[in-house]
Amino acid sequence: KNLIHLTEDRHTYRAQKKNDFIQCLVPNPNFSGDDDVHDAYAGDSDPSSGIPSHYILTPSGLLSAVTFSDKTIWTVEISSVIATEEEGEEGDDNDDEKDSSSWFHLWYDENSETLVALSHSGAIVSINPNNTIDGGSDGIELIGQFDNGISCAAWSADGEVLALVTSSFIEKEVGDEGEEGEGPLMKVPTLMTMNTQFEILGEENLFPISEKDNESTIHICWNQKYDNSLIAISCHDAEDNKRKVRIYKGDSLELVSMSRTEDGSGKLISNLLGNSAGSLMAWAGSNTSNLLACVQKKGKRGRNIVFLEPNGLQHGGFKIEQRAECEEIVGLNWNAESDILAVTFIGTKQKKEDSENAEVVTTRYGKIQLYHRSNYHWYLKYEIQYDEGVSISSVRFDQIKGYDLSIALRNQNGIGSHEWRHYNFIWDTSTTSPSSGMASVIDGCHLNLSMFQRAIVPPPMFSSRLSFESSIISVAHNTKQGSRIGFIVHLSDGTIAFCGMDGAPKSRNQRPKVFGECKLALLLSPFGLDPSCLRQLLIVNALDEDEGDSILVKLAAAVCPSSSSLTEDIIYFTIEVSKSNDTSQLLDVETIKLEGKLLRMVNWSASTDDKEEMKDSALLELTDGSLFEFSSSNGGEILPCQSDSMFLEPCPWLGGMKIAGGDRQVIIGLSSRYRLYCGERQLCDASSSFCLSPTTGFLSYVTLGSRSQLRFLPLEILSNFDPFMGSDDNMEILGDGYEPRNVERGSRLVSILPDKITTVLQLPRGNLEAVYPRALVLPRIMSFIEEGEYHLALDMMRRQKVDMNLIVDMEPNRFLEGQEGLLKMVKQVSKMDHLNLFIASLANMDFTLWKYPVPKWFRRRKIEGDPTDIDDPLQFDFSTKVNKVCEKMRAAMIELEGSNEESGGQFLLPILSTFAKQEPPKLEDALTLVKNDAMNKPPSSGTRSVLLSDKAQSSIQYLAFLADYKLLFDTALGMYDYELAKAVARNSQMDPKQYLPMLKRLNNLPQFEAQYEVDLRLNRYDKALVNLHKSGMRNIESEYDQTIDEEHFLKCKKFIQTHNLHKLGLELFINYPEWHGQIMISLGENLLNEQKADLALSIFLAAKPRHFEGAKKAARACGDWKTFFTCMVEEPDSSPQKIHDIAVMVADEVSTGRGGLQGRRDRKLAAARILIDYCQDIGGAIDMLVSAEQWFEARRLAILHEHSDLEKMIIDAAVNYIESILPNFEQYAEKFEKTNLRYSEVVWIRRQAKRDGEDPIVDDGNDETGSLFSLASNASNTSVRSNMSSSSVGSVSSISSVISAGSTSTFNLLNNDDTLRHKSKFNNIGKKKKKKKTRREKMRPKPGSEEELKSLIATMKENMIDDEHFQTIVETIKFLSQVGMIEFAKTLFDEYEIFRARIAASQRRRLEEMKQKAKEEERSARREGQFYEKIVLDCEANVDSFCCQELPGVVHTFFSYNI
């Protein structure tokens, strides 16, 4: 990643004293930002009423509060409050004295809202900015003053403790003679800590230091971790003349460690440097490994940055590469994120004026380098170099915004006018060419290049490198292909280098090359433009003139104004680069005014349907989030964006693409809070990076959090995104695609290669990872299938392990029927292995329904492209897909084989694959094809069989690989081709000792006998019967004289009976009537044994002659008593007495239900008819009818045969029937109502269980501990399954629980575990026995289970009046009404109506209660903001329909009369 210079603000400060400058620059925490910035520029109001943005302290003691618009609110001289004893004495011009009393430190205490200033003279002053007025001394308080001055000072990370170094005098040891008296005093630095009330917390004397220049400087630094308060002191010891870094505890000032090398030898780190101009020591914050950065001299001229751990040991470092001899390091600063180390340089240059006696003038200039570590390598990412005479006096990173840098400049050329500049940087995670996939990484003056199209090279390694004379500050890639200029490099000295790839396109000999350079200072100075003001240089277009000798490069950049302003400009200029001599010249320059300050400017991502007029444009975003488009037409103009006008918040990471020829725009932004936006719509609340991929048509982004994911959104959906749709609808649209991919936490998206589906991610350590997400793979494959590029689709499917059924399932009818489908695929694919893989993967299902669903946006795009070319997969029968594809594909390959005589049978293996894949496999046809192919091309002489040739053997081996070798051998054997079977057996795992003797014996047998044994071995009994039949014929060749002896028939009959081949046997022996009849009788007996008595009855009677004995058995079995007695009468040896005796038996069988009749009343009626017709037993028939409640028929027979006593008996039986059933109505009603109440409770339990994702409870011995874990475990497992990222191949995971619901603590004072203890008086073994459950308890269903629900439904059905009993009640009411028993009929009528009303009331009451309860539950769920899912069980509709039938209207009308 590279640093992007977002914004720059330049401010001017005019010092009131000579040689004064900005010593300290402190931001005001109460300055809120954009609102206060606009207030600062609003009108010409009184400056004193504004809000200060910064506080400036000069060495002379002038403290100023300035606004963002460079207006000074107030200025006070804090030195006025210091009382000095030497006031009025001479020496104001003494530089040493002035330096010793200069102010060097300023701090803003947010708790007390005061400023604290320190001077080298020892003064500590507190300033209240709210009470300060211009020129006054109100609000300024002198806290105290150290007599020996203050060398350095620093505040702790939490701002609670101030550490400073002052001086004290101690007695110097003069010898060991023990002379009395005081010795000479020695000045020793003293480390002191103070709290915010400036109370001294600790004090510690340091070692004596050297008095030489630069060696006398002491640096102090606090550890930036809040939980580890350490103080680092860097000083040059006078004892050994070495600079050391000592680390002390912040609370007790106890010495912890000293700077030493990391080799374990205990040596001190040598050649550490100090500087009076700034601190050469900086401690990193909490986001790193807590390193302390120091400067080390390496050799005579080199400088290194070394890092120390809190234990004082060195922990690596790096060499400063881009440093001139005249430049010296004067400061180190870490940013708040601790991923950028700023190194400040001060350089000197000497030049002599034109006159002879002129003195040599020394000028100073400043430079800042920003370093970053990634993958254990330190990169120089950015360099800011200032002009001669402009040095750096203060550098400060913002403590909240980690990439905001403020730099105070000291102008040596101007008189009292100084600058401070505010820079804003961001990391660009992907400096990659969108056209070539080349990544560029800035490393000082080197540009490391990696061609991701060739190899994924992790940093700090690289595939090639370009080196320049100055440091690189930015790289801009050309988004358009075909130009020689692939990218430009912007250097810190204002040089632009035009670079590209030299060599043939996509050749491995391509190397990066610099085609030319130009100095922006020389080109832009005539136009009054300062090259140092340019940032975010962008290639708008690069045109190669085919006939000319030059390249026109159109560039655009943001121009920072020389003074503070709310607006800035964009410069648009064209440079002509010569192809021959690498020279360049400026053609034209245009300056365009913006409405605000530019935040980011990027190129539009190149779309596949990009138009020529869309190329010369760029996407702009202002600091307030407004979006504009820059167009190069008319000399450059700013246009509003078509789709979106602004983001909800400023987004420094920006990307945009035009779709459908520029008619629609998709603009994506990522804010500094890592919120991802598409215009005014937020897509993700935590994203680290994103990438727009025109070739794949996706927006890809990586989420932040504990579970980082790489997600994808189709650009077609985003371009048609409707902000007025509901959130649920929008989420459904945005989620229509493929599942995200889990990535390592902290990963960032680097690039998606344009010509591939490779996604490059950078892990937190800096390593690169290339992945192929399913969301990119599948749409690319679908595009290939849609475009008819089947060879590319097959190759990608094979590499990415995608099921090849997708080729058929996307458009099955078009693939099978059209000319652009299957036939085209066979012609395109040159590798037969790919066709074999395709055939082997076929399955009879639609994979687009569950495994690879086709997104709606993909189908919509096809409809918009060609509405007539639509193939609906729902109109295709996928149950026959495999057979259809195999047949069509085989026909196409055979056709191509026949048209190309030189093909040499290249499609042989795929054709065999189609035979083997069909359902059922056509292995016989496949073996026939192998044999015919071998016969057409006989082997060379000397080979015994054509089937033993190499090609035939390889084909057989391939078939054995596709199918089971045993099945293949049986198929060859079933073809009765024993040579082919032998060839197949040779390529299988069969033992030659088994198959060789068998094949030899079959060869020696007669033809039909051998075939009979083969069919019998293969269980092909129908063919075996045919061959057995043929083997018994004497004259098989004659059509009319084919005879079979009886012995052979009996063998065939036994085979028919054994294998149930009666149908085939009847066909074979149709010309043999006697044997045909025997087969018919055998068939009837077989059917009778199979409980098919109806069919057996017809078979027995259809035999010639008819088989009455079998027919009577079948008639009695199926309850056809009419046919039975017909057979009895027609039987020759039947007599009336025999018929009478048998009729009594049959009547008893029919009445008890053994005759096949289902209804009780129908059985009794049929038995009564038999007794009357064949036994003339009138009394028995009437008794049978009375037992069946057939009152009318029984009364008719009694009157017909003049049995008045039987008539009275019938009436009494009807009355008794009423008296017996009346008590049952009350019992049934109570049982139904009770069961209905419990049913309502169980239904509610099952609904909740289904809503929580519980599987149906299975009753397992009524173990009550089994259901303790059911609800919780199922709900938990459901949530686990919903959060898991299953792979794209659709694997199913099973979740097993290791939690035991009945597990409890096993600790006990008395060990009652009889596996560990014997039975004694000290334990309870054997004293208490668990009572065994009874059989009824074991069979009882669990409360609330599915079994209880089914039991309740069965109970409710049992307590209802079924159709048969209802019909009996209706007939009883009518009968008693006709025989004069109206009171009894009315009683039955009333009781039934009461029962029916109670059942209806119970049902109605239950339904109303459940409906009301459901409404309350839904209302409660919605009140709590939960989603309420309405659940209905499958059984509810059936139970809700339970009711009693209403009595006929005739009955109601009859009792309505007053009879």
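Definitions and cut-offs
- Residues numbered from 1 in each chain as written.
- Predicted model: local features only at pLDDT ≥ 70, side-chain atom pairs only at ≥ 80, totals over all residues.
- Heavy atoms only, no water.
- Helix = DSSP H or I, 4+ residues; strand = E, 2+ residues; numbered from the N terminus.
- Buried < 20%, exposed > 50% of the residue type's maximum accessible area, 1.4 Å probe, protein only.
- Contact = heavy atoms within 4.5 Å.
- Areas by Shrake-Rupley, 256 points an atom, 1.4 Å probe, with all protein chains shown as cover.
- Patch = residues over 30% accessible without salt bridge, like charges linked within 9 Å, V, L, I, M, F, W, Y side chains within 5 Å.
- Salt bridge = Lys/Arg side-chain N within 4 Å of Asp/Glu carboxyl O.
- Lys, Arg positive; Asp, Glu negative; His and termini not counted.
- Charge placed at Lys NZ, Arg CZ, Asp CG, Glu CD.
- Phe/Tyr/Trp six-rings, centres within 6.5 Å; stacked < 30°, edge-to-face > 60°.
- Lys NZ or Arg CZ within 6 Å of the ring centre and 35° of its normal.
- Pairing = 2+ DSSP bridges.
- Axes fitted to C-alpha atoms, helices over the stretch in contact; angles between N-to-C directions.

Focus: the overall build of the protein chain
Okay, so step 1: Counting its secondary structure elements, the protein chain contains 39 helices and 54 strands.
Okay, so step 2: A total of 1459 residues make up the protein chain; the buried ones form 49% of that total.
Okay, so step 3: In the protein chain, the proportion of contacts linking residues at least 24 apart, taken out of those at least 6 apart, comes to 55%.
Okay, so step 4: Accessible surface for the protein chain amounts to roughly 73700 Å². Of this, 48% is attributable to carbon and sulfur atoms.

Thoughts on a nonpolar patch on the surface
Okay, so step 1: A surface patch of nonpolar side chains, amounting to about 340 Å² of accessible area, comprises Met-845, Leu-849 and Trp-850.
Okay, so step 2: Topologically, Leu-849 is positioned in the loop between helix H11 (832–840) and helix H12 (856–865).

Describing the environment of Ser-391
Okay, so step 1: Within the fold, Ser-391 resides in strand E26 (residues 390–397).
Okay, so step 2: Considering only alpha carbons, one finds Ser-391 and Arg-410, 19 residues apart in sequence, at a separation of 5.1 Å.

Points about helix H17 (residues 965–974)
Okay, so step 1: Burial analysis of H17 places 7 of its 10 residues in the buried class, the great majority of the element.
Okay, so step 2: Turning to H17, its buried residues number three or more, namely Leu-968, Phe-969, Asp-970, Thr-971, Ala-972, Leu-973 and Gly-974.
Okay, so step 3: Elements that come into contact with the buried residues of H17 comprise helix H15 (923–936), helix H16 (950–962), helix H18 (978–986), helix H19 (992–1004) and helix H20 (1007–1017).

Focus on the pattern of salt bridges
Okay, so step 1: The tally for this structure, following the rule as stated, stands at 46 salt bridges.
Okay, so step 2: The salt bridge partner of Arg-421 is Glu-419, with a shortest N-O separation of 3.1 Å.
Okay, so step 3: Judged by its relative accessible area of 9%, Arg-421 falls in the buried class.
Okay, so step 4: Arg-1398 is the partner of Glu-1226 in a salt bridge, and the nearest nitrogen-oxygen pair spans 2.9 Å. Placement of the pair is Glu-1226 in helix H32 (residues 1204–1251) and Arg-1398 in helix H37 (residues 1382–1423), with a sequence separation of 172 residues.
Okay, so step 5: Where salt bridges share partners, they join Glu-8, Arg-10, Glu-419 and Arg-421 into one cluster.

Comments concerning a negative patch on the surface
Okay, so step 1: A surface patch of negative charge is lined by Asp-1045, Glu-1046, Glu-1047 and Glu-1074.
Okay, so step 2: Its location among the elements puts Glu-1047 in helix H22 (residues 1046–1059).

Remarks on the packing of aromatic side chains
Okay, so step 1: Overall, the coordinates contain 36 aromatic pairs when judged by the stated rule.
Okay, so step 2: With a centroid separation of 5.0 Å and an interplanar angle of 80°, the aromatic rings of Phe-876 and Phe-878 are classed as edge-to-face.
Okay, so step 3: Given a relative accessible area of 11%, Phe-878 falls into the buried group.
Okay, so step 4: Stacked on the ring of Tyr-365, the Lys or Arg Lys-349 has its end atom at 5.3 Å from the ring centre.

Here's the deal with the sheet that holds strand E10 (residues 150–155)
Okay, so step 1: Taken in spatial order, the 4 strands line up as E10-E11-E12-E13 in an open sheet, and their pairing is antiparallel. The open sheet has two edge strands, E10 and strand E13 (200–205), and neither has a second partner. On average, each strand axis in the sheet is inclined to that of its neighbour by 25°, with strand direction left out of account.

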